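# Descriptive structure summary
For reference, the chains in residue letters:
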Amino acid sequence: MDKNALKIELIQKIIACDDEVLLMKMEALLKNVKPGASEPGENYEVESRSSQLSKEQLKEIERRWEAYKRGEEKAIPWEEARREIERKYGV
């Protein structure tokens, strides 16, 4: 799909969207797009994104990621994690 076709598809999806929360999230994301990002040959870059996670949560994710890369943490497949969540929380 070329760039212009993608733009049209995104515009159509935005127009069809009735989810106000989602629209507000899209607006917040687009507010952070650097001016001039639509100039030919330039890529979209987001200057900053606010996280819904606390600083402590982000630090813990980073700690676990570094431990995983060092081989100190084990990852489990999504299917196994999902079963555990469903078992634990009755979802």
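Here we summarise the structure given alongside this text. Counting from 1, residues in each chain are numbered in the order their sequence is written. The predicted nature of this model means local features are confined to residues of pLDDT at least 70 and side-chain atom pairs, given and counted, to a pLDDT of 80 or more, with totals for whole chains, interfaces and linings taken over all residues. Each side-chain value is derived from all of the structure's non-hydrogen atoms; neither hydrogens nor water enter the calculation.

### Quick notes on the overall build of the protein chain
Numbering of helices and strands runs from the N terminus; a helix is a DSSP stretch of H or I covering at least four residues, while a strand is a stretch of E covering at least two. Regarding its fold elements, the protein chain presents four helices and zero strands. Each helix and strand of the protein chain, placed in order from N terminus to C terminus, yields the pattern α-α-α-α. When accessible area is computed with a 1.4 Å probe and restricted to protein chains, residues below 20% of their type maximum are described as buried, those above 50% as exposed, and intermediate ones as partly exposed. Burial status across the protein chain gives 4% buried among its 91 residues. Working note: accessible area of the protein chain is about 8800 Å², and carbon and sulfur atoms make up 55% of it. All accessibility values rest on the Shrake-Rupley procedure with a 1.4 Å probe; residue burial counts only the protein chains present in the view.

### Thoughts on the pattern of salt bridges
If charged atoms from side chains of opposite charge come close, those side chains can pair. Counted as salt bridges are all cases of a side-chain nitrogen of Lys or Arg within 4 Å of a carboxyl oxygen of Asp or Glu. All chains considered together, the criterion is met by nine salt bridges. Residue Glu27 pairs with Lys31 through a salt bridge whose shortest N-O separation is 4.0 Å. Placement of the pair is Glu27 and Lys31 together in helix 2 (residues 20-31), with a separation of four residues, close to one helical turn. A salt bridge links Lys69 to Glu66, with the nearest nitrogen and oxygen atoms 3.3 Å apart. Taken as a pair, Lys69 and Glu66 lie in helix 3 (residues 55-69) at a separation of three residues, close to a single helical turn. Judged by its relative accessible area of 49%, Lys69 falls in the partly exposed class. Relative accessible area serves as the criterion here: at 28%, Glu66 is assigned to the partly exposed category. Bridged by salt links that share partners, the residues Glu60, Arg63, Arg64 and Glu73 form one connected network.

### Observations regarding helix 2
What sets the pattern is the α-helix's 3.6 residues per turn: residues three or four places apart point alike. Along its twelve residues, helix 2 runs 16 Å from first to last C-alpha, staying within 8% of the 16 Å computed at 1.5 Å per residue. In protein, a polar contact requires one atom able to donate a hydrogen and another able to accept it; more generally it is a pair of N or O atoms within 3.5 Å, and residues adjacent in sequence count only if both atoms are side-chain atoms. You can read the cap of helix 2 off the contacts: a side-chain oxygen lies 3.1 Å from the backbone nitrogen of Val21, and it is on Asp19. Take the number of residues in a helix, subtract one, and multiply by 1.5 Å to get its expected span.

### Some remarks on helix 3
Between the first and last C-alpha of helix 3 there are 21 Å, a value that for 15 residues agrees with the 21 Å anticipated at 1.5 Å per step. A positive backbone phi angle near 85° is found at Gly71, which sits one or two residues after helix 3.

### A word on a nonpolar patch on the surface
On the surface, Trp78, Ile85, Tyr89 and Val91 cluster together into a nonpolar patch covering about 500 Å² of accessible area. By the secondary structure assignment, Tyr89 is in helix 4 (residues 78-89). Patches here: salt-bridge-free residues with over 30% relative accessible area, like charges joined within 9 Å, nonpolar side chains (Val, Leu, Ile, Met, Phe, Trp, Tyr) joined within 5 Å.

### A word on the packing of aromatic side chains
Note on aromatic contacts: the rings of Phe and Tyr and the six-membered ring of Trp form a pair at centre separations within 6.5 Å, being stacked when their planes are under 30 degrees apart, edge-to-face when over 60 apart, and tilted otherwise. Taken as a whole and judged by the stated rule, the model has one aromatic pair. Ring centres of Trp65 and Tyr68 lie 5.8 Å apart, and the angle between their planes is 25°; on these two criteria the pair is classed as stacked. Here Trp65 and its partner Tyr68 are both found in helix 3, three residues apart, which amounts to about one turn of the helix. Taking the relative accessible area as the measure of exposure, Tyr68 reaches 41% and is therefore partly exposed.

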